[in-house]
Number of protein chains: 2
Amino acid sequence: METEISSLGEFGLIDRVTSDLTARNSSTVKSVGDDAAVLTYPDTDVLVSSDMLLEGVHFDLTYMPLKHLGYKAAVVNFSDIYAMNGTPRQITVSLGISKRFTVEHIDELYAGIRLACDIYGVDLVGGDTTASRAGLVISITCIGDVAKEEAVGRDGAKDTDLICVSGDLGAAYMGLQLLEREKAASAGVKDFMPRFEGKEYLVERQLKPEARKDIVAMLAEAGIKPTSMIDISDGLSSELLHICHASKTGCRVYEDRIPIDYQTAIMAEELNMNLVTAALNGGEDYELLFTVPLHCHEKIKEINGVKVIGHITSESLGCELVTRDGAEMPLRAQGFNHLEG
Amino acid sequence: METEISSLGEFGLIDRVTSDLTARNSSTVKSVGDDAAVLTYPDTDVLVSSDMLLEGVHFDLTYMPLKHLGYKAAVVNFSDIYAMNGTPRQITVSLGISKRFTVEHIDELYAGIRLACDIYGVDLVGGDTTASRAGLVISITCIGDVAKEEAVGRDGAKDTDLICVSGDLGAAYMGLQLLEREKAASAGVKDFMPRFEGKEYLVERQLKPEARKDIVAMLAEAGIKPTSMIDISDGLSSELLHICHASKTGCRVYEDRIPIDYQTAIMAEELNMNLVTAALNGGEDYELLFTVPLHCHEKIKEINGVKVIGHITSESLGCELVTRDGAEMPLRAQGFNHLEG
């Protein structure tokens, strides 16, 4: 079924995608349907983060289903709030929609956004919907809360702090390479079936990433407050340099400690790509990178899915990767920066 | 001077446009430079509103200087917060920038955004900057505050309430017609000079609108809390229908009471357009439309720049315009809806 968006109009479309919304969070006083949402945060600090995703730059609809795209667009915003040691509570969603999209397409996109909101306990409270003359544009702002004085920024890392990372790195980037390879292979082939066997994890990391709510909860439970934290959207190197720059420190990261899934390793081998480069510079893992005081070492070791990969040094020692053979190489921000090159 | 954005990169560009920011509002705890901004609103409710502007849909850079565009993009968001009876405090700005823009272009755009922030006392606290493959994309989220229980929505209008509007209507739309006319006339003409004499007000209303902070302040001073309020972005008819729909009421609006500037009238005459249609359906005036209880009549008359244009009725009486000759015509939402037609 294909329904033209013009048959509903802007307000009809907004009514459709925001029907049956019920607020989950006590901070949501008034949701969609007015000039602004009304929220209340009497006892906590408020966190606000915005992200924009553009078709052809951040996603390719030939292999990104709209429901997954909606899910991912919401989750990457939640990830920013978790990276501040907070809890996401509300989002506003602004969409630019070109003529080739139907009402059913937008339903799919919102199904993904709403699924993410269901799973992470977030309320959709507003936004804007407009026509786009180019592709699909998605801009999401996430509002969250954090106990007073408990927000964790990028600027608190101290000399001798341990550098920790959750999950594993490079898989989302390898998933993107795989999807691009299969897209290229499909060109002109009738009934093309992509080959993802044994590489499902990579595809999932690219198409349906999760935000590490669990890690923030486990840290709180263990009584550990990180001295600095950031989520890995542009690659480990780039994020680590952000922390060191903001904290005025250096760092040492050990190549052999960087967590990498075996599927990521196999894929890098298959594509003849450098695995460490993929893990250091491949983006979109949405894992948490954080630093904790040295005395937390024993406690951190007990947290499932967190690995200590190095330590903070004084600024004068620079930011270096220690390779398997003991050599030091400067870390560089080679994230896949859309504005460069 | 033209500096390519790639020479700075995303983070260099963000550093450049957000340098020297100082927080004006006590609610701004931590501004740009982290995964999220940190705010505090212990004693008030929080308002959140998002708007997206797309090149070729909402603005045309052939006659819209980038500084004006930045100013307008910020102000229209402030307007949404005032329309809730609140005060804008922070904005996040997400930009999608195509290759034809230079660093100096983005400086201009931000100069406008920052000027609007200076004038309205708002802090720029975050956002996102990315490449766009199409034109310029601007998505702004505004956060504001309002005393608890004092937010004014669209849904509180009551039978017999007076319908009030600030300023005058239709001028921004006539300004757009004038700019489009001069753009068409300029095609292929060397050293073309547009003719704006005597019509400066129309051009200013289109290119540099203001949000009615003053009206919200005057209402508070007079001890008047509107029963409903909305800002006029899509035209008087459309907004009045929003209020009546949300409040489950009807309304009567008197044609001869609709405030129209003489430049708007002259321009409509020149272009052979219906003046009332322009005032009812022309968008982007960013005036405030609100309802107050009947007993406020004397107080409202004393507020400079506010006019009573009609009254709320029971729902069964419908939403009608009373023409100069006493006939009734149903109000229709013929706003210039980008998703339709």
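Being a predicted model, the structure only gives us computed values, none of them experimental.

Some points on the relation of the copies chain A and chain B
For the pair of chain copies, the relating transformation is a rotation about an axis with a translation along it. With an RMSD of 0.0 Å, the fit of chain A onto chain B corresponds to turning through 180° and sliding 0.0 Å along the axis. Taken together, the turn and the small shift mark the pair as related by a two-fold rotation axis. The position closest to the rotation axis in chain A is occupied by the C-alpha of P42(A), lying 2.0 Å away. When the interface residues of chain A are mapped onto chain B, 100% of them again lie at the interface, so the same face is used by both copies.

Things to note about the sheet that holds strand β11 (residues 319-322) of chain B
All names here are of chain B. Overall, mixed pairing links the seven strands, which are arranged β7-β9-β6-β10-β8-β11-β12 in an open sheet. Edge positions in the sheet fall to β7 (228-231) and β12 (328-330), since each has one partner strand and no second. Averaged over neighbouring strand pairs, the angle between their axes works out to 25° when direction is ignored. Here β7 runs beside strand β9 (residues 288-292); their pairing, made up of four bridges, is antiparallel. Each bridged residue has a counterpart across the sheet, and for D231 the counterpart in β9 is L288. Helix α7 (residues 236-247) rests against β6 (162-166), β7, β8 (249-254), β9 and β11 of the sheet, and its axis sits at about 150° to β8.

Structural notes on the pairing of strand β3 (residues 87-97) of chain A
Residue and element names in this part refer to chain A. For β3, a buried count of eleven out of eleven residues is recorded, marking the element as mostly surrounded by other parts of the structure. Where β3 and strand β5 (residues 137-147) come together, nine bridges link them in antiparallel fashion. Bridged to S94 within β5 is S139. Bridging between β3 and strand β4 (residues 123-131) involves eight bridges; their strand directions are parallel. Following the sheet pairing, T92 is matched in β4 by G126. Once the chain exits β3 it traverses helix α3 (residues 103-120) before rejoining the sheet at β4, and the crossover so formed is right-handed.

Criteria and thresholds
- Residues numbered from 1 in each chain as written.
- Chains lettered and ligands numbered in written order.
- Predicted model: local features only at pLDDT ≥ 70, side-chain atom pairs only at ≥ 80, totals over all residues.
- Least-squares fit on C-alpha atoms with pLDDT ≥ 70 in both.
- Contact = placed C-beta atoms within 7 Å.
- Pairing = 2+ DSSP bridges.
- Helix = DSSP H or I, 4+ residues; strand = E, 2+ residues; numbered from the N terminus.
- Axes fitted to C-alpha atoms, helices over the stretch in contact; angles between N-to-C directions.
- Buried ≥ 20, exposed ≤ 12 C-beta atoms within 10 Å, placed from the backbone.
- Right-handed = clockwise from strand over helix to strand, strands pointing away.

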